[in-house]
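Per-entry structural report
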Amino acid sequence: MARSLKTDRQGPPAVFVDRDYLALIKQKKEAFTLTFAPSVWNASYSLVVDIYLSTRHTHPEGHIGWWLYHLNQKEDPLPVTIEKRGSLFKVVFQKEREADAKWVNKAALDVTQEGVLAVHLVLRNTENNALEYDSVLYLYLDPDIMDLSLARRSSSADNTRSIEGAIGRSYCWPRRSTIRVVAQDIRERDAIGSLAFDLRTLFTGNSMAAQLYANNFDPALRGFIRETGELPGDVRKDDLIFYNFSIFDPHFEAIAHLNVRKVMYYHNITPPRMLMAFSAEYGGLCNRAYQQLPLAHRFNTLLVNSHSTYREFRAILSQCPDTNGPESCPNDIRDRFGLSFVVCPPFLNGRKWDRVQEEALQLPVPFPKEARVLLFVGRVAPHKKIEDLFALFDSYNRLDPESVLVVVGNIVFEGYRNYLEYLLGKKYNHLRGRIHLVGDIGEGQLKHAYKRASAFVSMSEHEGFCVPLVEAMLFQKPVFAYAQEAVRETMAGTGRLFYEKNFADLASELHLLLKNKALLDEIIAFQDRRLTRLLEEANGNRIWQALEQAFFDARPF
Amino acid sequence: MIWNEKKMLDLAIIIPELAKYGGAERYVVECVQRWQHLHRITIYATKFDQAFLEEHGITAGVTRMNLSPYFEGEHAMLLNALLLPKVWEGQIGKHDLYHTHLWPTHLIDLHPSVWFPHEPLRSIYDLRHNQSIEGFAAGDKTKFDIHVYPKYNYDNIEEDLHESYLRCMELFDKLGKPDRIVANSRYTARYLSGVYGQEVTDVVYPGVNVDDFMHLQSSEDIVLTIAQLWPHKRIRLVIESMRYVDGVQLYIVGSGPEKAKLMLMAEKLGLSDRVFILDGLSDLEVQILFSRCLAVVFVPIKEPFGIVALEALAAGRPLIAVNEGGFTEIIDESCSFLVPPRPAAIAEKIRFLKENRQVARAMGEEGITKARNYTWDATASQLLTIVEDVHRQWSTHRIAAKADRIDREQEGLFGIQYYCWYGEGLGSLHWNDNQEFGAVTDMPTIGYYASAHGSTVVEHLQLLEKTGFDFLILNLHIDSDGINRYELATIKNIFEIAQTVRSPLRFAVQLCLFECEPESIEDVMKRVSAFAEKEHYLYFREKPVLFVFWTGSLDRDVNRIKIIDQHTHGFIRIASSLRLYPGANEYRRTFGLFHGFSLFSPLELSGRESWEKIWQDAYDSSEAGGLGLRIVTISPGYDDSHLEGVQRKSNVHRRIPREDGQTWKRMADFALKQEKKPHIFIVSTFNEYHENTHIEPSVQHGSRYLEMAKGFIAEARSKWHDR
């Protein structure tokens, strides 16, 4: 059956560049060509080439300059040249046209120390000056840094790797078909980013062509990861799109309307209410994600990370005013396509830790050898309730004065970081040196943190699955966690969960638990059994099942 | 703190809603939190947010009472402005003082009262011409969007009615008579003085808890504004200012009907990725936003005070604000920029602070120092001083009034039985509406009047005042159907009219209990207790007086008497007895229920040959009542022979002719010859036409008996004045 990729849905304005990176190492000029998403020509836009030091995106300290070019008439493709004259830069358009407006930092910055510049390709709406598109292209100035970066990219793109413990597919896959794995953000050590990388490895390791797409990613990996806006132009009729949904994506509507086979992995949306005080912008994107969710019905198969997430998914759709008739709800996906949803843990590489080289945790003040370590791993974000971890630890430390709390994870919002630091400086100042916010650390240090931990403690009030719980089980650490629905599901009656945040009581319970070896052994034994089951569920079989359903209309057994 | 040494007051705090975090609500919770252990407090509101109260430490010891909710639908605005406060008035119990907040609680006519309006109803004054009329361009019917705090939605008023509505509300607005008005700024005090023509001198600024805020050295490129989303808050200007500032986000905390419009505006301006409207935040979340922001922008039209400005200072954040409104009294250039209400002017200051973080920090430090002068402890203390002062003044006034009453008590009080049951016109209630008990044979000079009508009441009050009476006994009947609602409504009118015309007369209720249920007694006494709170209720020896029509049918009915005793506790109870009450034996019949006894109808007790003896026996039996009151009753005659009630037929004394005034004179002489001065004289009756005991000017008797009563009162006063 012939399929057409024609769609009346245009994606948002976007700029595509014909290069994965730029370099001004020996030469003084670097030329590249831009093309534009069709929607750029439906309104009035200016293109801004905005250059910063890659390590300092602040004005004016790290700002090289910006060059603005009015896109008055359709100039597609548009050649652009960046010239370097000493420490000054210049950008010209259409080979020799000067910018329509520009700002160049007169305090010529010393770029020789900076191996890489970040070239932002920006679209601004000329009617209201709104910034509607911003993408980063690296401009290398140092050959060594460029080589390192390229080597990292090659390593990521190595198609010979495979996922340890994963099983192979049980059906033949057409060679003409490419699986295009999409997420809003793809970054290393992020749950969705890790899954995206592992999915690609799973597919390529099983001789299937795969390509990653994202709106936000490490610019060093450009090319290995392509911009989501490029997907509609890349996709062919026999391809399959594997879309990871967790937040608003301006391209989602256009992708949902592409006439190809599609799988949607719904990871859940963080409730905006939990984020608004710390990032209304991010919370707003979560809010807008709710509005996009009814388009799920345009996907052939729905994957979710837990039953809890699926229930949340249904609840959101039932409240969504834009839900357009019965075909929008997941039950009708099953009715219409004969498919049901698939629950699949959001990780594949459960056994990777064996290969990770342990490294000592870098702390300003090392904690005593015998100290009990309470560990939390995850995004340091408001819904994870790190402040409640502090409160619990405050009570716990009174019972066990040598104990320490280690919080591992990227602090997502500046406001939340400041809030936590304020709490540490004021309310919990007496715990300075005992509470360690170590940020985003490498896998080696993380392995050390897990091994050193006495217990994994979580106060999180919203989760879709919570991969660190599995990691804690892998390292045979007792889990002491707030009984949020998805956490309950992941733990499935193991660990020690609590429903009320009475910190003094919890501290007392945790203290008794950590002193009782027999009880601890029992908890670990139960967790081990749960882990075995989870690793089975995450062996790739459910991914294969979802692809089989989506691509071949294969009905579940 | 000297509060503990003072008497605990029973305070009513009345506020339309206590469910959100507006300025008025903040005053209430912060004050109640501090007063709750000093006084007994009852909060009245249409809506409570339990979590909000708990968050502010309001304990269960503070009573919460629900008031009727706001009207919705057609004419709701008018009903809410005029009717609702009166509905609330009826729902509020008796308290030592009524502290009301917001508009239109000043129309609740309970005293003593302290009204804290926070602002007048601005939509009828300074914002009268600032109302949204955009519907004029779009809709079929042109409508005004009027906002009345604390409602979250607009009242949509059709153009035809708009002016009439506002004029009507303005008229009624002026009728409120709170005993004291408190303002939240000098600016508001001047405004209120201008509106209400009453000088407002009490200004109590709000407070702020500086230590509740997180004082961070760093700030993000965020501008914060907090306001409900109404046009006069001018959020539009703040949004528009963002066009002139790059790289800064605007957080708007608030909700209201303008939200969708403001969001659309931000989108059209290309600012939807930088402008955010947040609502439903907790205190902590708002404090977090203060700690994150670079500056607070506050540009409403003439804000009465503007607590947000004070919070900005407390949070250590520079304030960019318009140079108008109450908050300008507490700030200066060390902590704030006062700008004209122009987007570019606001933007210029935001840019300046973004580029001069040190200046922003220094301004923040100055703000904290200033904010420390405004604490909720001080606010609560100042407001309580005013509340206690008003109560003290009221009590002093009451004591003076009491002293006046006591003087009059020494001379003997003159009262008259009064009936409130007549409908308008012959054939209506009690004007020959039935033969059993409604037949009449005479007609008042003023015609067959309606007791409830104001004109009737005014005429009667003037007449009785001129005659020299001190009080009226208002008969209220309760039977198996419950309270006589018509009489009750009439009595209510009488109290209100007496208040309006400043009548010197006082009034006591006489319960006429006929086979009624205990619930009815409880119900009627709740209402009588409310009347007893009125200035015009009759007090004797510092207690309200309650007459009880006593036929003797309940004699020895211990259960029923116990119920009456329980529900009439606190009153001086005087029996208007149809039977004699020998002092030595009375206790066995009424178990000490009554403090005093009087005869209701002395002419019916015996043949005329024994009258003086019978009356003297009754007069000398004052010990039958606990207080030993000597009460003498005078009637002009008695004749119910035209009534067909079965019970009446057995009365052998049902026809006692007036004998051309001789019957009255015989009784008056009896009274005047008493050696021991009577405490109370009662004329029975003013207007009992069924029994022809009336002395009201009538067709048959003219003003003769009223004149005789006048002469009698004058003579009696003269006789006993010097004793």
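Residues numbered from 1 in each chain as written. Chains lettered and ligands numbered in written order. Predicted model: local features only at pLDDT ≥ 70, side-chain atom pairs only at ≥ 80, totals over all residues. Heavy atoms only, no water.

**Description of a nonpolar patch on the surface**
Residues and elements named next belong to chain B. The line we're drawing: Excluding any residue in a salt bridge, patches collect residues exceeding 30% relative accessible area, merging like charges within 9 Å and nonpolar Val, Leu, Ile, Met, Phe, Trp and Tyr side chains within 5 Å. The Shrake-Rupley method, run with a 1.4 Å probe, gives the accessible areas here. Residue values count only the displayed protein chains as cover. By definition here, a salt bridge exists when the distance from a side-chain nitrogen of Lys or Arg to a carboxyl oxygen of Asp or Glu is within 4 Å. Secondary structure elements are defined from DSSP: runs of H or I of at least 4 residues count as helices, runs of E of at least 2 residues count as strands, and each element is numbered from the N terminus. To sort residues, take the accessible area from a 1.4 Å probe on protein chains only and compare it with the maximum for the residue type: under 20% means buried, over 50% means exposed, and anything in between is partly exposed.
A contiguous nonpolar surface patch, about 300 Å² in accessible area, is contributed by L171, F172 and L175. Structurally, the position occupied by L171 is in helix α5 (residues 159-173). For L171, a relative accessible area of 57% gives the class exposed.

**Section: the pairing of strand β19 (residues 506-513) of chain B**
Residue and element names in this part refer to chain B. Our working definition: Following DSSP output, two strands are said to pair if at least two bridges run between them.
Where burial is concerned, most of β19 is hidden: eight out of the eight residues are buried. Burial along β19 is two-sided: the face carrying R506, A508, Q510 and C512 and the face carrying F507, V509, L511 and L513 are both buried. Both strand β17 (residues 471-479) and β19 contribute to a ladder of eight bridges, which runs parallel. By the bridge assignment for β19, F471 is matched with R506.

**Quick look at the interface of chain A and chain B**
By a frequent convention, interface size equals the accessible area lost on bringing the separate parts together. The condition is simple: Throughout, a contact is declared for two residues whenever any of their heavy atoms are within 4.5 Å. Accessible area that two parts lose when put together, with a 1.4 Å probe and added across both, is what the buried area reports. Amino acids outside the nonpolar list (Ala, Val, Leu, Ile, Met, Phe, Trp, Tyr, Cys, Pro) and the charged list (Asp, Glu, Lys, Arg) are all regarded as polar, and Gly is one of them.
Of the residues lining the interface, 17 residues belong to chain A; the matching set on chain B comes to 25 residues. With both chains or domains summed, chain A and chain B bury close to 1600 Å², and 52% of this area falls on carbon and sulfur atoms. By the criterion of area lost to chain B, the three top residues of chain A are A:R273, A:A277 and A:Y422, representing 31% of everything that side buries. Where chain A touches chain B, the interface holds one salt bridge. By residue number, the principal contributor to the side of chain A that touches chain B is helix α9 (residues 414-425) of chain A, which donates five residues. Per-class residue counts for the side of chain A that touches chain B are eight nonpolar, four polar and five charged.

**Comments concerning the packing of aromatic side chains**
Threshold: Two rings from Phe, Tyr or Trp (for Trp, the six-membered ring) form a pair when their centres sit within 6.5 Å of each other. Planes less than 30 degrees apart are called stacked, planes more than 60 degrees apart edge-to-face, and all others tilted. Counted as over-ring charges are cases with an Arg CZ or a Lys NZ within 6 Å of the ring centre that also lie within 35 degrees of the ring normal.
A full pass over the atoms with the stated rule returns 69 aromatic pairs over all chains. A network of ring pairs unites the aromatic residues A:Y243, A:F245, A:F252, A:Y266, A:F299, A:Y310 and A:F313 as a single cluster. Seen from the ring of A:F248, A:R288 lies directly overhead, with NZ or CZ sitting 3.9 Å from the centre. Over the ring of B:Y705 we find B:R658; its NZ or CZ atom is 4.7 Å from the centre of that ring.

**Section: the sheet that holds strand β20 (residues 435-439) of chain A**
Residue and element names in this part refer to chain A. Counted only if it meets this: All axes here are fitted lines through C-alpha atoms, helices being fitted over the stretch that makes contact, and every angle between N-to-C directions spans 0 to 180 degrees.
Ordered in space as β20-β19-β18-β21-β22-β23, the six strands form an open sheet in which the pairing is parallel. Every other strand in the sheet has two partners, leaving β20 and β23 (496-498) as the edge strands with one partner each. Averaged over neighbouring strand pairs, the angle between their axes works out to 20 degrees when direction is ignored. Two strands pair when backbone bridges link them, and strand β21 (residues 455-458) and strand β22 (residues 479-482) are joined in this way by three bridges, in the parallel orientation. Bridge pairing in β22 places S458 opposite A481. Set on the sheet, helix α8 (residues 386-399) makes contact with β18 (373-377), β19 (404-408), β20, β21 and β22; between it and β19 the angle comes to about 165 degrees.

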